[in-house]
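The chain contents come next:
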Amino acid sequence: MKQPLLPFYNTYRSTCEQPVANLVLLHGWGLHSIVWDHLMPSLLANFQVTVIDLPGMGQSPLPNRDYDLGFVTEQVLAVMPEQAHVLGWSLGGLVALNIAYQAPERVLSVATFNTSPKFTADHTWPAAMAPEVLAKFAEILAEDQEGTLIRFLALNCKGSATVQQDVRELRDILYFCGLPNPKALAGGLEILRTTDLRAVLPQIKVPVLMLFGETDHIVPAAAMNAVDELNSGVEVALLAQMAHVPFISDPELSAQALYDFYSKHIGVTLDSD
C-alpha cells in the first residue's frame, strides 16, 4: 500500500538533561521551520523541540488534497508528538489554535506570535487587515509567485526598528529550501483570508498566550484588546516596537515573553539549567 505523504519534521534534543516536555513549532505563510533558528537555543534549554514544515512549504511534500485549515491541522497532527506544547507564528498560530480545539488531548498549551483568530476585517472585527490587501496578494500570486513572496516578506518587517536586517534574514530563509509549492501558497492565503476562529477561542481549555507586535502591519496591535474581549482567559501581551516577526528582530525579548508564560504554567524559566 502506498504510504501517505506526511510533512517534514525534525526533533531536536534538549540541552537540559531532563527536558520539561515536548514543544512543537509551526511557522507562517510562505516560509519554513528555519525561521525559528534564533529562538531555538532558548527553547532547547527546557524543551525537546519538534519543528514542522507546513504542507508544500520548506521540505514538506504536498499531497493532492484540498488545502484548507482542516487539512493542514490533520497533517501536523500526523507527525507531532502525542502530547506537546504548541507554538505558532501567524498562519502557524491559526493551525496551533485549531489543533487545540480539534484534538485537545494532544495539546498542553498554545502560544502564538502575531496571530489573530480572524486576519481580515469586517464591521464586526475592525482590528484586522483590510480584506482587499490579502485579495490583492492572492491575485498577483498567480502571475508572479516570487515577487509576491518578497512583497509579503517586506510587509512582515514593516514597522520594525531593524526592518532592513529583518528583510534580508527572511529572504535568506525563503531561498534556503527553494520556493514553496504554488498550491500551498494559494491555499495558505485562502486560510488567512477566510478563517474565523472567534467562536473557537473561548472553547480552548488549555493555557493560551497570544503575543502581538506594537508596529505589526499584518495583525494590528488593536487585535490584542479584541482577543481579550472574546476570552479573558487567554493571556495577551504586546511586544513594544516589534512588527510581525519579533523572534527575528529580537529573539531575547521574544524568548522572555514566552518564558513569562511557561514559568507561570509549568514552572520553567529562561535561565534554567
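Residues numbered from 1 in each chain as written. Predicted model: local features only at pLDDT ≥ 70, side-chain atom pairs only at ≥ 80, totals over all residues. Heavy atoms only, no water.

Participant: Looking at this structure, I do not really get the packing of aromatic side chains. What am I missing?
Facilitator: Aromatic ring pairs: the centre-centre distance and the angle between the two ring planes describe each pair. Considering all chains together, one arrives at eleven aromatic pairs under this definition. Summarising the aromatic geometry, the rings of Trp-36 and Phe-113 are spaced 6.4 Å apart at their centres and angled 40 degrees between planes, so their arrangement reads as tilted. Taken together, the residues span a long stretch of sequence, with Trp-36 in the loop between β2 (21-26) and α1 (40-44) and Phe-113 in strand β5 (residues 107-113) at a distance of 77 residues. Considered together, Trp-36 and Phe-113 belong to a single accessibility category, that of buried residues. Ring geometry for Phe-113 against Phe-247: centres 5.3 Å apart, planes inclined by 55 degrees, an arrangement best described as tilted. Of this pair, Phe-113 sits in strand β5 while Phe-247 sits in helix α9 (residues 246-249); the two residues are 134 residues apart in sequence, bridging distant segments of the chain. For Phe-247, a relative accessible area of 0% gives the class buried. Three or more aromatic residues joined by ring pairs make a cluster, and in this case those are Trp-36, Trp-89, Phe-113 and Phe-247. (Phe/Tyr/Trp six-rings, centres within 6.5 Å; stacked < 30°, edge-to-face > 60°. Helix = DSSP H or I, 4+ residues; strand = E, 2+ residues; numbered from the N terminus. Buried < 20%, exposed > 50% of the residue type's maximum accessible area, 1.4 Å probe, protein only.)

Participant: It is not clear to me how the state of the cysteines should be interpreted in this structure. Could you clarify?
Facilitator: A disulfide bridge is the covalent bond that connects two cysteines by way of their sulfur atoms. Enumeration according to the criterion identifies zero disulfides in this entry. Here Cys-157 is not cross-linked by a disulfide; its sulfur's nearest cysteine counterpart is in Cys-177, at 18 Å. Note on Cys-157: relative accessible area 0%, which makes it buried. (Disulfide = S-S within 2.5 Å.)

Participant: How should the packing of helix α4 (residues 131-141) against helix α5 (residues 145-157) be read in this particular structure?
Facilitator: In a pair of packed helices, the angle between the axes and the distance between the axes together describe the arrangement. At their nearest, the axes of α4 and α5 sit 8 Å apart, and the two run at 155 degrees to each other. One way to sum up the angle between α4 and α5 is to call them roughly antiparallel. In this structure, α4 uses Leu-134, Phe-137, Ile-140 and Leu-141 to contact α5, whose residues at the interface are Gln-145, Thr-148, Arg-151, Phe-152 and Leu-155. Of the residues in the contact of α4 with α5, the class split is six nonpolar, two polar and one charged. (Axes fitted to C-alpha atoms, helices over the stretch in contact; angles between N-to-C directions. Parallel < 35°, antiparallel > 145°, perpendicular 65-115°, else oblique. Contact = heavy atoms within 4.5 Å. Nonpolar A, V, L, I, M, F, W, Y, C, P; charged D, E, K, R; others polar.)

Participant: What's the story with the nonpolar core in this structure? I'm lost.
Facilitator: Nonpolar side chains in soluble globular proteins tend to be buried together. Of all hydrophobic cores here, the largest spans 94 residues; its most connected members are Leu-26, Trp-29, Trp-36, Leu-87, Phe-113, Leu-258 and Tyr-262. Excluding its chain neighbours within four sequence positions, the residues that come into contact with Leu-26 are Trp-36, Ile-52, Leu-54, Val-76, Val-86, Leu-87, Gly-88, Trp-89, Gly-92, Val-95, Ala-96 and Ile-99. (Core = buried A, V, L, I, M, F, W, Y, C linked by side-chain atoms within 4.5 Å.)

Participant: Got a minute to help me understand the pairing of β2 in this structure?
Facilitator: Here is the key point about a regular strand: its side chains alternate between the two faces of the sheet. Counting buried residues along β2, five of its six residues qualify, which places the element largely inside the surrounding structure. Pairing geometry for β2 and strand β3 (residues 47-52), over six bridges, is parallel. Residue pairing across strands places Leu-26 opposite Ile-52, the latter belonging to β3. Judged from the four bridges that link them, β2 and strand β4 (residues 84-89) form a sheet pairing that is parallel. For Leu-25, the partnering residue across the bridge sits in β4 and is Leu-87. (Pairing = 2+ DSSP bridges.)

The values are spatial; any link to function lies outside them.
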